[in-house]
Amino acid sequence: MTNNYKEKFIEHLEDSISGNRLIKVVLGKYKGDEPDLQRIVIKQIAVKEETKLSFVYCYKTKEITKNFKIVEGIEKIAALVESPFMSGNLFSTTENIQIIYSRKGKCSWSCKRVYNEVVTSQQHDHQKERYVDQNKAFLTALGVTNENHQVLPSMSKKWKQINKFLEIFKHAYNSSRLVDAKKVSVADFGSGKGYLTFAIHDLLRDSFGVDAQVTGIELRDNLVNFCNDVASKLNMDSLKFFQGDVNSYNPENLQVMIALHACDTATDQAIFLGIRCESEIIMCAPCCHKEIRKQICSPEIIEPILKHGIHLGQEAEMVTDGLRALLLEAYGYKTQIIEFISLEHTGKNKMILAVKHDQPVDREAVMAKVTKVKEFYGIKTQCLEELLAKWLRH
Ligand SMILES: C[S@@+](CC[C@H](N)C(=O)[O-])C[C@H]1O[C@@H](n2cnc3c(N)ncnc32)[C@H](O)[C@@H]1O
């Protein structure tokens, strides 16, 4: 009877794969010899147009992923269920099956019909490319996914933002001079709870195979401690978090400077550091734009438009980020202002993306444009411009 149940389990697995209904298989109650191995989570994935079974071996403090062809993967599961894994759970869009063996070898079986609307990771990959493996332990440690590696409903926007951020970064990286680099150092200013810092570390090291050193800089020490604890538990030695502000961090070299949603002029300070360190990529999603908003004197013709506070705010944002982009251009960066994530998720949807190039730049001509824009709006000072001017004087 025991073997029949196992055969039935494998038959249901084969059926759910061929019917494209598999969500995942979880092998648990591990009784083997491998230290700290707890369970294996198996999902169907698409790798370069080929369907595979992805096995994530979950240890106490790390995860290892191995992909197998479908037939090979099914054989592996058949060899692992009962011993050394005494339980197997099969989740599909139509049924949840559990098979459990007792120490004495007795087998229990349950099969529940379900109408699961969950999108399988394979279907998901067809709809939208993902830039980080949803099974990664850091996503669970940061509270983006649950123990079964499903994105928590409350974190779905963050999950989209992480992937969008990695998508933009990947394109910038491939168009930059870093593309052949073996070593890359990254700073993320205002790293907060570290979602994007962990994600970029993962992309660079695990997907690109680059020796990346990533540092998050954050004012709040509770977040710094939390992120350092997670990084150390997951043995991520090349990921560190420092408590401090933008000015307290002075790296010797910095190839990638990131500042996402750092408040007001903290963004200018971060861009300045990137320019000063000749970073190859500068990526920032500005937050508030108080410095320019309070200086704007509405030019007469557009005064009836800017008299509405909301318009003045939008104008301040546009002018601030436009000036930042011009300043980056003046210092040798190809600069774009692009949508980060759409407005339905957050109001902060803009990103300044700058990639260093080696073409000659007529800095004076670009700076003349900066001056004209400032004059038009009656703006006296702009933080990044001042930092750059002071730096040139020394
Ligand atoms: C809105 S959160 C964004 C967190 C993260 N970058 C993200 O996008 O998920 C902004 C973070 O920047 C930090 N912050 C603000 N000003 C800063 C400064 N001058 N230096 C370092 N961190 C700063 C805040 O404490 C906060 O955690």
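**Let's talk about the sheet that holds strand β6 (residues 95-101)**
(1) Moving on: One open sheet accounts for seven strands, arranged β4-β3-β2-β1-β5-β6-β7; its pairing is antiparallel. Two strands in the sheet have a free side with no partner beyond their single neighbour: β4 (63-69) and β7 (107-113). Averaged over all pairs of adjacent strands, the angle between strand axes in this sheet comes to 15 degrees, irrespective of strand direction.
(2) Moving on: Both strand β1 (residues 22-30) and strand β2 (residues 37-47) contribute to a ladder of three bridges, which runs antiparallel. What sits directly across from V26, in β2, is V41.
(3) Moving on: Packed onto the sheet, helix α2 (residues 70-80) meets β1, β2, β3 (50-59), β4 and β5 (85-92) and runs at close to 120 degrees relative to β4.

**What about the sheet that holds strand β11 (residues 256-260)?**
As a general point, the strands of a sheet are linked pairwise by backbone hydrogen bonds and lie either parallel or antiparallel.
(1) Moving on: Spatially, β10-β9-β8-β11-β12-β14-β13 is the arrangement adopted by the seven strands of the open sheet, whose pairing is mixed. Strands at the two margins of the open sheet, each flanked by one partner only, are β10 (239-243) and β13 (333-339). Put simply, the sheet's adjacent strands are angled 15 degrees from each other on average, direction ignored.
(2) Moving on: Bridging between β11 and strand β12 (residues 281-285) involves five bridges; their strand directions are parallel.

**So, the packing of helix α8 (residues 266-276) against helix α13 (residues 383-393)**
The relative placement of two packed helices comes down to the angle between their axes together with the axis-to-axis distance.
(1) Moving on: Two elements in contact, α8 and α13, have axes separated by 8 Å at closest approach and are oriented at 35 degrees. In this structure, the crossing between α8 and α13 has a hand that is right-handed. The segment α8 lies against α13, with D268, Q269, I271, F272, I275 and R276 engaging C383, L384, L387, L388 and W391.
(2) Moving on: Among the residues forming the contact of α8 with α13, the class breakdown is eight nonpolar, one polar and two charged.

**A short note on the nonpolar core**
(1) Moving on: Ranked by size, the top nonpolar core spans 74 residues in total, and within it A199, A270 and C284 carry the most contacts.
(2) Moving on: Apart from residues no more than four positions distant in its own chain, C284 is found in contact with A259, L260, T267, A270, I271, M351 and I352.
(3) Moving on: Core analysis: the next-biggest nonpolar cluster, separate from the first, contains 24 residues, I23, V25, I40 and I99 among them.

**Some words on the pairing of β1**
(1) Moving on: In terms of residue burial, β1 counts as a mostly covered element, since seven of its nine residues are buried.
(2) Moving on: The sheet contact formed by β1 and β5 spans seven bridges and is antiparallel. Each residue of the ladder has a partner; that of Y30, found in β5, is F85.
(3) Moving on: A loop of six residues connects β1 with β2, the two strands running antiparallel in sequence, and D36 in this loop sits at a positive phi of about 70 degrees.

**Observations concerning the site of the ligand**
(1) Moving on: The local shell around the ligand holds 18 residues, among which G190, G192, D245, L260 and A266 are the closest.
(2) Moving on: Sorting the residues of the shell around the ligand by element identifies α6 (195-207) and β9 (211-218) as the ones contributing at least two each.
(3) Moving on: Across the shell around the ligand, the residue classes tally to 11 nonpolar, four polar and three charged.

**Concerning the domain arrangement of the protein chain**
(1) Moving on: Domains assigned within the protein chain are domain 1 (2-127) and domain 2 (156-291 + 320-363).
(2) Moving on: For domain 1 versus domain 2, the separation of C-alpha centres amounts to 38 Å.

**Examining the environment of G309**
(1) Moving on: Looking at the secondary structure, you find G309 in helix α11 (residues 309-330).
(2) Moving on: By C-beta crowding, G309 is classed as exposed, having 9 other C-beta atoms within 10 Å.
(3) Moving on: Considering only alpha carbons, one finds G309 and Q382, 73 residues apart in sequence, at a separation of 21 Å.

**Digging into helix α7 (residues 221-233)**
(1) Moving on: With 13 residues, α7 extends 18 Å from end C-alpha to end C-alpha; this agrees with the ideal 18 Å at 1.5 Å per step.
(2) Moving on: Buried within α7 are the following residues: V224, C227, V230 and A231. Projected down its long axis, α7 carries its buried residues within an arc of 135 degrees, all on one side. For α7, the exposed residues lying more than 90 degrees away from the buried face are D221, N222, N225 and D229.
(3) Moving on: Packing partners of the buried residues in α7 comprise α4 (137-141), β9 and β10.

**So, the pairing of β6**
(1) Moving on: In terms of strand pairing, β5 meets β6 through five bridges, oriented antiparallel. Bridge pairing in β6 places S87 opposite I100.
(2) Moving on: Where β5 folds back on β6, the antiparallel hairpin that results is connected by two residues.
(3) Moving on: Examined bridge by bridge, β6 and β7 share seven bridges and lie antiparallel to one another. Each bridged residue has a counterpart across the sheet, and for I97 the counterpart in β7 is C111.
(4) Moving on: Joining the antiparallel neighbours β6 and β7 is a turn of five residues, in which G105 adopts a positive phi near 90 degrees.

Calculation criteria
- Residues numbered from 1 in each chain as written.
- Predicted model: local features only at pLDDT ≥ 70, side-chain atom pairs only at ≥ 80, totals over all residues.
- Pairing = 2+ DSSP bridges.
- Helix = DSSP H or I, 4+ residues; strand = E, 2+ residues; numbered from the N terminus.
- Axes fitted to C-alpha atoms, helices over the stretch in contact; angles between N-to-C directions.
- Contact = placed C-beta atoms within 7 Å.
- Left-handed = near helix turned anticlockwise from the far one by under 90°.
- Nonpolar A, V, L, I, M, F, W, Y, C, P; charged D, E, K, R; others polar.
- Core = buried A, V, L, I, M, F, W, Y, C linked by C-beta atoms within 7 Å.
- Buried ≥ 20, exposed ≤ 12 C-beta atoms within 10 Å, placed from the backbone.
- Near = placed C-beta within 6 Å.
- Domains from an automatic or database assignment.
- Expected span 1.5 Å × (residues − 1).
- Arc of directions from axis to C-beta.

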